[in-house]
Amino acid sequence: MYSVFSSRGPIVGGLAATLLLLSTPALAGGGDDPPPLPLSEAERLVLSRNPALAAADANAAALAAVPPQVGALPDPQLSFKALNLPV
């Protein structure tokens, strides 16, 4: 006799059990679904809750605070040369 839960391992068995439970309408929630989310609201939620976008904004702000170095003069240098002559 073939059994999904015993011969395929715990991951496949757990996945099959989860799919079985979710496919039953009475166990999945019974049909009290919220109204569909409009695309503009979904985009607003994704953009406001995305940590990668917040990190990119912080990185852009940090790079904007760095002064430009295109027209800057090179750092001044002082050199001194002396000969060691016997006296």
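Residues numbered from 1 in each chain as written. Predicted model: local features only at pLDDT ≥ 70, side-chain atom pairs only at ≥ 80, totals over all residues. Heavy atoms only, no water.

A. Region of interest: the overall build of the chain. Looking only at helices and strands, the chain features five helices and zero strands. Listing every helix and strand of the chain by position from the N terminus yields α-α-α-α-α. Out of the 87 residues belonging to the chain, those deemed buried represent 1%. Just so you have it, the chain exposes about 8,500 Å², and 67% of that area is on carbon and sulfur atoms. (Helix = DSSP H or I, 4+ residues; strand = E, 2+ residues; numbered from the N terminus. Buried < 20%, exposed > 50% of the residue type's maximum accessible area, 1.4 Å probe, protein only. Areas by Shrake-Rupley, 256 points an atom, 1.4 Å probe, with all protein chains shown as cover.)

B. Focus on the pattern of salt bridges. Tallied over the entire structure, the rule returns one salt bridge. Here Arg-44 makes a salt bridge to Glu-41, at a shortest N to O gap of 2.6 Å. Of this pair, Arg-44 and Glu-41 both sit in helix H4 (residues 39-49), three residues apart, which is roughly one turn of the helix. (Salt bridge = Lys/Arg side-chain N within 4 Å of Asp/Glu carboxyl O.)

C. Molecular detail of the confidence of the model for the chain. The predicted model of the chain has a mean per-residue pLDDT of 76, with 64% of residues at 70 or higher. Averaged pLDDT values for the elements of the chain fall to 48 in helix H1 (residues 4-7) and rise to 92 in helix H5 (residues 51-65). (pLDDT = per-residue confidence, 0-100.)

D. Inspection of H5 at higher detail. Spanning 15 residues, H5 covers 21 Å between terminal C-alpha atoms, matching the ideal 21 Å at 1.5 Å per step. For H5, the side-chain oxygen to backbone nitrogen distance between the N-cap and Ala-52 is 3.0 Å, and the N-cap itself is Asn-50. (Expected span 1.5 Å × (residues − 1). Polar contact = N/O pair within 3.5 Å; in protein donor to acceptor, adjacent residues only side chain to side chain.)

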